[in-house]
Amino acid sequence: MKKLLFIIPLFGFSFFGARVKAVVAWLNVNAIPIEDATPTTPPNAFAANLPQ
């Protein structure tokens, strides 16, 4: 019984890891770049994301 209680969550969490990797990959592809915090840096990423 103890083995069964250990195996079921282990099997369930193995699928959760694949979902997390897919979400992280999607975020990396669709992420908007963040500007540098220094005040002398021109806002290149902001200018590139302005609506046309």
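Here the structure is shown first, and the text comes after it.
As the structure is a prediction and not an experimental result, all values here were calculated from the model.

Asker: Give a description of the overall build of the chain that names residues and reports values.
Answerer: Secondary structure assignment for the chain yields two helices and zero strands. Taking all 52 residues of the chain together, the buried fraction comes to 2%. In the structure as shown, the chain presents an accessible area of about 5,200 Å², 74% of it carried by carbon and sulfur atoms.

Asker: Tell me about a nonpolar patch on the surface, and please be specific about residues and values.
Answerer: A cluster of nonpolar residues, Met 1, Leu 4, Leu 5 and Ile 8, forms a patch on the protein surface that exposes about 480 Å² of accessible area. Along the chain, Leu 4 falls in helix α1 (residues 2-30). Judged by its relative accessible area of 48%, Leu 4 falls in the partly exposed class.

Rules behind the numbers
Residues numbered from 1 in each chain as written. Predicted model: local features only at pLDDT ≥ 70, side-chain atom pairs only at ≥ 80, totals over all residues. Heavy atoms only, no water. Helix = DSSP H or I, 4+ residues; strand = E, 2+ residues; numbered from the N terminus. Buried < 20%, exposed > 50% of the residue type's maximum accessible area, 1.4 Å probe, protein only. Areas by Shrake-Rupley, 256 points an atom, 1.4 Å probe, with all protein chains shown as cover. Patch = residues over 30% accessible without salt bridge, like charges linked within 9 Å, V, L, I, M, F, W, Y side chains within 5 Å. Salt bridge = Lys/Arg side-chain N within 4 Å of Asp/Glu carboxyl O.

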